[in-house]
Amino acid sequence: MSSLQTFLEVASGCQGYFLDRLSLERIDDIDALEIGLRWGPEKPDVTLAFRDVYFCSIERPPGPGDAPLDQVAATLLEPSNSSWPEGLNLELIRSSSLPALVWFRTEGPVQVSVLAAIASASFEVM
């Protein structure tokens, strides 16, 4: 199984986690995004790391309180000249010259959408 396939499975299994932290940096001229997810003492924390980020959007309504992520999805978008999938509204034109890209998104109290060429997942050791 490829590392991207492993990421897709891990990321899709993060429904019910809380968004704990989000960090966006430039590392060696490449955009790097890390998303920390926390469940609680019953499950290990998960860190999703994205490199070569093409798109990132975060929406969170104002107000106190946390709530778990209702839906989490991750999709592999192979190089293609067709249009972007519904829900991914980019000005960037999709083409077969782009690398395979991971589209990660969440629904719930925090809505996150990330499109990146490199993605990995790691678990906290308990």
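Residues numbered from 1 in each chain as written. Predicted model: local features only at pLDDT ≥ 70, side-chain atom pairs only at ≥ 80, totals over all residues. Heavy atoms only, no water.

A. A look at the overall build of the protein chain. Helices and strands together make up the secondary structure of the protein chain, namely one helix and six strands. Across the protein chain, helices and strands are ordered from the amino to the carboxyl terminus as α-β-β-β-β-β-β. For 126 residues, the compact-globule estimate of 2.2 N^0.38 gives 14 Å, and the protein chain sits close to it at 15 Å. For the protein chain, with 126 residues in total, the buried portion stands at 35%. Within the protein chain, contacts between residues separated by at least 24 positions form 57% of all contacts whose residues are at least 6 apart in sequence. Carbon and sulfur atoms make up 51% of the accessible area of the protein chain, which amounts to about 7,400 Å² in all. (Helix = DSSP H or I, 4+ residues; strand = E, 2+ residues; numbered from the N terminus. Rg over C-alpha atoms; globule rule 2.2 N^0.38 Å. Buried < 20%, exposed > 50% of the residue type's maximum accessible area, 1.4 Å probe, protein only. Contact = heavy atoms within 4.5 Å. Areas by Shrake-Rupley, 256 points an atom, 1.4 Å probe, with all protein chains shown as cover.)

B. Structural context of the nonpolar core. Of all hydrophobic cores here, the largest spans 24 residues; its most connected members are Phe7, Ile35, Leu37, Leu48, Phe50, Phe104 and Val114. Of all the secondary-structure elements, those providing two or more residues to this core are α1 (3-12), β2 (30-38), β3 (46-59), β4 (71-77), β5 (101-107) and β6 (111-123). Among the elements that line this core, the one with the most residues is α1, at five residues. Apart from residues no more than four positions distant in its own chain, Leu48 is found in contact with Phe7, Leu33, Glu34, Ile35, Leu37, Phe104, Ser120 and Ala121. Core analysis: the second largest hydrophobic core is formed by nine residues, Leu77, Leu88, Leu90 and Leu98 among them. (Core = buried A, V, L, I, M, F, W, Y, C linked by side-chain atoms within 4.5 Å.)

C. Spatial organisation of the environment of Ser23. With respect to the helices, strands and loops of the structure, Ser23 is situated in strand β1 (residues 18-27). The exposure class assigned to Ser23 is partly exposed, which follows from its relative accessible area of 27%. A C-alpha to C-alpha distance of 5.2 Å links Ser23 and Glu34, two positions 11 residues apart in sequence. Leaving out residues up to four positions away in the same chain, Ser23 has contacts with Ala32, Leu33 and Glu34. Within the local environment of Ser23, its side chain forms a polar contact with the side chain of Glu25, the two groups lying 3.4 Å apart. (Polar contact = N/O pair within 3.5 Å; in protein donor to acceptor, adjacent residues only side chain to side chain.)

D. View of the pattern of salt bridges. Following the criterion strictly, the structure yields four salt bridges and no others. The residue Arg38 makes a salt bridge to Asp45 at a minimum N-O spacing of 2.7 Å. Relative accessible area serves as the criterion here: at 40%, Arg38 is assigned to the partly exposed category. When salt bridges with common partners are traced through the structure, they connect Arg21, Glu34 and Arg51 into a single cluster. (Salt bridge = Lys/Arg side-chain N within 4 Å of Asp/Glu carboxyl O.)

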